[in-house]
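An overview of the molecular structure
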Amino acid sequence: QVQVVESGGGLVQPGGSLRLSCAASGSIFSMDAMGWYGQAPGKQRELVARMSSTGNTDIADSVKGRFTISRDNAKNTVTLQMNSLKPEDTAVYYCNTNARTTRWDPLRDYWGQGTQVTVSS
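A short tour of the structure in this document, coming up. Quick caveat: nothing in here was measured; it's all calculated off a predicted structure. Throughout this description, residue numbers start from 1 for each chain and increase along the sequence as written. With the structure being a predicted model, the display of local features is reserved for residues of pLDDT at least 70 and the display and counting of side-chain atom pairs for 80 or more, all residues being used for whole-chain, interface and lining totals. Side-chain metrics rest on all non-hydrogen atoms present in the structure, leaving aside hydrogens and water.

**Side note on the layout of surface pockets**
The method is simple in principle: a probe with the dimensions of a water molecule rolls over the atoms, and the space it marks as empty is what remains. Selection rule: In the cavity and pocket records, a cavity denotes points on a 1 Å grid over the protein atoms alone where a 1.4 Å probe fits but cannot get out, a pocket denotes an open set with protein on both sides within 12 Å along at least 5 of 7 lines, and lining residues are residues with an atom within 4 Å of a point. Grid points are joined across faces, edges and corners, and a volume is the space filled by probe spheres set on the points. For the purposes of this entry, the term helix denotes a DSSP run of H or I that reaches at least four residues, the term strand denotes a run of E that reaches at least two, and both are numbered from the N terminus.
Of the voids in this model, the largest pocket is the one considered here, and its volume is about 330 Å³. As for the largest pocket, its lining consists of 19 residues, and the residues nearest its centre are Glu46, Ser62, Glu88, Asp89 and Tyr93. Listing elements by their share of the lining of the largest pocket, those giving two or more residues are strand E4 (30–39), strand E5 (46–51) and strand E9 (91–100). Sorting elements by how many residues they give to the lining of the largest pocket places E5 first, with three residues.

Here's what the structure looks like:
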């Protein structure tokens, strides 16, 4: 199995910064995309940012220019640097990875437990 653990959420004032970190571990044969999804109260979970194993990125328009995703393939970690935070960024942020546990398995989604980010004065 694959375990995904996030850290780094919290309460921050508008205009502030937070850094979210995520590490995947366990029986990992290979990984494709790693990234972050956000779920605001009463809304569906949505992509915030993700990066493929080759470095291609998908970034939500709402966070372009403010959030930066980075990844360490050797350590199976992904980081989201969140700058110029706004109240509308408030959400539970979930780390996601697409991974296979053996060479014969299909890619599967694995999720962390989520970390709360609250932007408020």
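**Some words on the nonpolar core**
Condition: Among buried residues, those of type Ala, Val, Leu, Ile, Met, Phe, Trp, Tyr and Cys that are joined through side-chain atoms within 4.5 Å constitute a nonpolar core. Burial here depends on accessible area, computed with a 1.4 Å probe over protein chains only, as a share of the maximum for the residue type. Under 20% is buried, over 50% is exposed, and the range in between is partly exposed. Contact criterion: two residues are considered in contact whenever any of their non-hydrogen atoms come within 4.5 Å of each other.
In terms of nonpolar packing, the biggest core is built from 29 residues, with Trp36, Val48, Phe67, Leu80, Met82 and Tyr93 touching the most fellow members. Elements that contribute at least two residues to this core include exactly strand E1 (2–7), strand E3 (18–26), E4, E5, strand E7 (67–72), strand E8 (77–82), E9 and strand E11 (115–119). Leave out the neighbours within four places in its chain, and Val48 touches Trp36, Tyr37, Gly38, Asp58, Ile59, Ala60, Val63, Phe67, Leu80 and Tyr93.

**Notes on the pairing of E1**
The test is simple: Pairing between strands is defined by DSSP: at least two bridges between the two strands are required.
Taking every second residue as pointing to the same face, the buried face of E1 carries Val2, Val4 and Glu6, while none of Gln3, Val5 and Ser7 on the other face is buried. The pairing of E1 with E3 spans six bridges and is antiparallel. Paired with Val2 across the bridge in E3 is Gly26.

**Thoughts on the sheet that holds E1**
What counts here: Note on geometry: axes are lines fitted to C-alpha atoms, helical ones only across the stretch in contact, with angles between N-to-C directions running from 0 to 180 degrees.
Strands sit in the order E1-E3-E8-E7 across an open sheet of four strands; the sheet is antiparallel. Edge positions in the sheet fall to E1 and E7, since each has one partner strand and no second. Adjacent strand axes in the sheet meet at a mean angle of 15° when their direction is disregarded. Both E7 and E8 contribute to a ladder of six bridges, which runs antiparallel. Residue pairing in the sheet places Arg71 in a bridge with Val78 of E8.

**Digging into the packing of aromatic side chains**
To keep things clear, this is the line we draw: When two rings of Phe, Tyr or Trp (its six-membered ring) have centres within 6.5 Å they constitute a pair, described as stacked for plane angles under 30 degrees, edge-to-face for angles over 60, and tilted for the intermediate range. A ring is considered to have a charge above it if a Lys NZ or an Arg CZ atom is located within 6 Å of its centre and within 35 degrees of its normal.
Taken as a whole and assessed by the stated rule, the structure comprises one aromatic pair. For the ring pair Tyr37 and Trp111, a centre distance of 5.1 Å and an interplane angle of 70° mean the geometry is edge-to-face. Here Tyr37, found in strand E4, pairs with Trp111, found in strand E10 (residues 108–111); they are 74 residues apart in sequence, far enough to count as distant. Taking the relative accessible area as the measure of exposure, Tyr37 reaches 15% and is therefore buried. Judged by relative accessible area, Trp111 falls into the partly exposed class, the value being 35%. A cation sits over an aromatic face here: Arg45 above Tyr94, 3.6 Å from the ring centre. The residue whose ring lies beneath Arg103 is Trp104, and the NZ or CZ to ring-centre distance is 5.9 Å.

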